[in-house]
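Below are the chains, spelled out letter by letter.
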Amino acid sequence: MAVYEIVKFPNPVLTTPAKPVTKVTSNLLKVLDNLFETMKFAGGIGLAGPQVNILRRVAVVDVEDGRGRLDMINPVILEGRDEEIGPDGCLSIPGLYGDTPRFKWIRVQMWDREGNVVEFVETDFRARCIQHEIDHLDGILFTSKAVRLYREEAREVATRNRKNL
Ligand code: NI
């Protein structure tokens, strides 16, 4: 596995929609593994292709809830319910956080690593993270959705256990 360089705001790749994956190849699986490695190395809980300059619809999530890693290929939100405002942060925009509206409940469709189309329901913080990553695939940053933005030192963030998506 390898650690990629994370693209930072305002690099235009972050606001460019990513292209769908047409086939799961060994190379794509390597990209997912490297995304995960990069996310862990950076201390994040989610990372999407465009954040490492790969404009493909792939993302990984691990919100450290004991349920482990979620690899997403071509993910879409089929349905969302119960919007709430909560904190978003982003490895591509270090030090900036935002109170951002997200669904508390989502139904997601995606391909798994075998290329099977799967559907599942997710809630709360993991659902927030998935929505944040899917937004990255559409070239959307949380700063365009947040109702309030604020800066915080990494030390304060660690104390409050906020994480970067
Ligand atoms: Ni992000």
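For the structure, check the block above.
Residues numbered from 1 in each chain as written. Predicted model: local features only at pLDDT ≥ 70, side-chain atom pairs only at ≥ 80, totals over all residues. Heavy atoms only, no water.

A.B. asks: Mind laying out the packing of aromatic side chains, listing which residues take part and the relevant values?
C.D. replies: According to the stated counting rule, one finds one aromatic pair in the structure shown. It is Arg-69 that lies over the ring of Phe-36; its NZ or CZ is 4.5 Å from the centre. The side chain of Arg-81 reaches across the aromatic face of Trp-105, ending 3.9 Å from its centre. (Phe/Tyr/Trp six-rings, centres within 6.5 Å; stacked < 30°, edge-to-face > 60°. Lys NZ or Arg CZ within 6 Å of the ring centre and 35° of its normal.)

A.B. asks: Outline the pairing of strand 2 (residues 58-61), listing residues and values.
C.D. replies: Within a regular beta strand, the side chains point alternately toward one face of the sheet and then the other, so they alternate between its two faces. Neither face of strand 2 is open: one carries Val-58 and Val-60, the other Ala-59 and Val-61, and all of them are buried. As defined by bridge partners, strand 1 (residues 46-48) adjoins strand 2 across three bridges and the pair is classed as antiparallel. In the sheet register, Ala-48 faces strand 2, and the bridge partner there is Ala-59. Looking at chain direction, strand 2 and strand 3 (residues 70-89) are connected through four bridges and run antiparallel. Its bridge partner being in strand 3, Val-61 is matched across the sheet by Leu-70. (Buried < 20%, exposed > 50% of the residue type's maximum accessible area, 1.4 Å probe, protein only. Helix = DSSP H or I, 4+ residues; strand = E, 2+ residues; numbered from the N terminus. Pairing = 2+ DSSP bridges.)

A.B. asks: Describe the pattern of salt bridges, naming the residues involved and giving the relevant values.
C.D. replies: Tallying each qualifying case throughout the model produces 21 salt bridges. For Glu-122, the salt bridge identified is with Arg-126, shortest N-O distance 3.4 Å. Using a relative accessible area of 6% as the deciding quantity, one classes Glu-122 as buried. (Salt bridge = Lys/Arg side-chain N within 4 Å of Asp/Glu carboxyl O.)

A.B. asks: Could you give an account of the nonpolar core, naming the residues involved and the relevant values?
C.D. replies: In this structure, Val-61, Val-63, Leu-70, Met-72, Ile-106, Cys-129 and Ile-130 are the most contacted members of the largest nonpolar core, which totals 15 residues. Going through the elements one at a time, strand 2, strand 3, strand 4 (96-111) and helix 2 (124-137) are the ones with two or more residues in this core. No other element matches the five residues that helix 2 contributes to this core. With near-sequence residues (within four places) excluded, Val-61 lies in contact with Met-39, Ile-45, Gly-46, Gly-68, Arg-69, Leu-70, Met-72, Cys-129, Ile-130 and Glu-133. Listed in part, the 14 residues of the second largest apolar core include Ile-6, Met-39, Val-52 and Val-60. (Core = buried A, V, L, I, M, F, W, Y, C linked by side-chain atoms within 4.5 Å. Contact = heavy atoms within 4.5 Å.)

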